[in-house]
Amino acid sequence: RINFLHFCKIRNTIFKILLLILIASPLFQACGIINPNRMLDADKEYIGASFLNTNTPDFTIAQGDIVQVLVFTKNGYALVEPQISTQNNGNTPETNSVPLDYSIDINGEANLPLVGHVKLAGLTIREAETFLAQKYASNYIDPFVNVKITNKYITVYRGGTDARQVILSRPDMTILEAIGAAGGVPENGKASTITVIRKIDGQPQTEIIDLSEIESIAKANTVVMPNDVIYVEPAFNASIVREVAPILSAFSSIVLIYVSLVNLNR
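Just so it is clear, the structure is predicted and the values come from calculations on it, not from any experiment.

Engineer: For this particular structure, what's the right way to read the sheet that holds strand 11 (residues 203-209)?
Structural biologist: In any sheet, the strands associate via hydrogen bonds between backbone groups, in a parallel or an antiparallel arrangement. Strand order in the open sheet made by the 5 strands is 9-8-12-10-11, with mixed pairing throughout. The outermost strands of the open sheet, each flanked by one partner alone, are strand 9 (163-167) and strand 11. Recorded for the sheet is a direction-independent mean angle of 20 degrees between the axes of neighbouring strands. In terms of strand pairing, strand 8 (residues 153-158) meets strand 12 (residues 229-234) through 4 bridges, oriented parallel. The residue of strand 12 that forms the bridge with Val 156 is Ile 230.

Structure, rendered in structure tokens:
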């Protein structure tokens, strides 16, 4: 009976240690022990900026962008009946228009066929199409120009998992769609704490939104901008449990062995 009481005391001590760990977990979390990969930690009262809106601005061409340019004649007739290049594949004629990529250099210019170096930086896609149509008017009859930017992207940090870059295939991609394209909110991510980082007038601004409530659907459907960063805050770091579990298991085994030896000696 004495040994059993001794074992119960040891067991109670283990439970007290575990309880102490649970109680102190917020302190560990604040110190970065439980969530060492957490970024952008802020006080609960922190609200951040308010810049998210439902407007859908057109992409603006910038230095370093990669653009695809297609030029068609007769006000777009060649877009319907392509006549740029024709290949004969057996008995079936095939006509293909292959877009080429052009980079925007340090001066904001692209070196395009026939028209040479033209400055496109600072123009929206529609403005660039109108501008290039005027440039190609001396080479084609009623030119129709199609411009596409291929390297606009945002970065999504998904909790404690890997970060992913999402190419913006269109200018109206929403926050919810961007997170979905990156793989969604991971199992160890907090949908209630989504931080959007955007440079405004050269200064990074942050806005925190809660996607765990249906009331936040309006914010979830706001559009993202190129170079935005979306950060999904990680929840409780389950890896610490996996790390502590073997230690606790070994400690329990030692206690059991100790009690068994005491019983054998008595």
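Picking up after the structure, the text goes on.
Engineer: What's the story with the pairing of strand 8 in this structure? I'm lost.
Structural biologist: On a regular strand, each side chain points to the face opposite its neighbour's, so the side chains alternate between the two faces of the sheet. Strand direction decides the pairing type here: strand 8 and strand 9, joined by 5 bridges, are antiparallel. Directly across from Ile 154, in strand 9, lies its bridge partner Val 166.

Engineer: Got a minute to help me understand the nonpolar core in this structure?
Structural biologist: Among the nonpolar cores identified, the biggest contains 37 residues, and Val 69, Leu 132 and Ile 230 are the most heavily contacted of them. Secondary structure elements with two or more residues in this core: strand 1 (66-72), strand 5 (109-112), helix 3 (125-135), strand 7 (144-149), strand 8, helix 4 (175-181), strand 10 (189-200) and strand 12.

Engineer: Where do I start with the packing of aromatic side chains in this structure?
Structural biologist: To describe a pair of aromatic rings, one takes the distance between the centres and the angle between the planes. Taken as a whole, this structure holds 3 aromatic pairs when the rule is applied. Summarising the aromatic geometry, the rings of Tyr 136 and Tyr 140 are spaced 6.0 Å apart at their centres and angled 45 degrees between planes, so their arrangement reads as tilted. Its relative accessible area of 3% is what places Tyr 136 among the buried residues. With relative accessibility at 31%, the residue Tyr 140 sits in the partly exposed group.

Engineer: Looking at this structure, I do not really get the pattern of salt bridges. What am I missing?
Structural biologist: Opposite charge on two side chains allows them to pair when their charged atoms are near. Within this structure, the stated rule accounts for 6 salt bridges. Note that Arg 170 is salt-bridged to Asp 172, the shortest N-O span being 2.5 Å. With a closest N to O distance of 2.6 Å, Arg 170 and Glu 177 form a salt bridge.

Engineer: Help me understand unusual backbone geometry, please; the structure alone is not making it clear to me.
Structural biologist: Residues other than glycine predominantly adopt negative phi, and peptide bonds predominantly adopt the trans conformation. Positive phi, close to 75 degrees, is recorded for Leu 114, a residue that is not glycine. Within the secondary structure, Leu 114 is located in the loop between strand 5 and strand 6 (116-119). Phi is positive for Asn 227, close to 75 degrees, though the residue is something other than glycine. With respect to the helices and strands, Asn 227 occurs in the loop between helix 5 (217-220) and strand 12.

Engineer: Where do I start with the confidence of the model for the protein in this structure?
Structural biologist: Residues shown with low pLDDT carry predicted positions that ought not to be read at fine detail. Scored by pLDDT, the protein has a mean of 75; 58% of the residues are at 70 or more. When mean pLDDT is taken per element in the protein, strand 6 scores highest with 94 and strand 3 (residues 92-95) scores lowest with 46. This stretch, residues 92-96, has a pLDDT under 50; its non-local contacts, to residues over four places away or in other chains, come to 13 contacts.

Engineer: Explain the environment of Ile 61 here, please?
Structural biologist: Inspection of the secondary structure assignment puts Ile 61 in the loop between helix 1 (2-31) and strand 1. With 67 residues separating them in the primary sequence, Ile 61 and Ala 128 have C-alpha atoms 8.4 Å apart. Among residues more than four places away in sequence, those in contact with Ile 61 are Val 67, Ile 104, Leu 120, Ala 121, Gly 122, Leu 123, Ala 128, Val 147 and Ile 149.

Scoring rules and cut-offs
- Residues numbered from 1 in each chain as written.
- Predicted model: local features only at pLDDT ≥ 70, side-chain atom pairs only at ≥ 80, totals over all residues.
- Heavy atoms only, no water.
- Pairing = 2+ DSSP bridges.
- Helix = DSSP H or I, 4+ residues; strand = E, 2+ residues; numbered from the N terminus.
- Axes fitted to C-alpha atoms, helices over the stretch in contact; angles between N-to-C directions.
- Core = buried A, V, L, I, M, F, W, Y, C linked by side-chain atoms within 4.5 Å.
- Buried < 20%, exposed > 50% of the residue type's maximum accessible area, 1.4 Å probe, protein only.
- Phe/Tyr/Trp six-rings, centres within 6.5 Å; stacked < 30°, edge-to-face > 60°.
- Salt bridge = Lys/Arg side-chain N within 4 Å of Asp/Glu carboxyl O.
- pLDDT = per-residue confidence, 0-100.
- Contact = heavy atoms within 4.5 Å.

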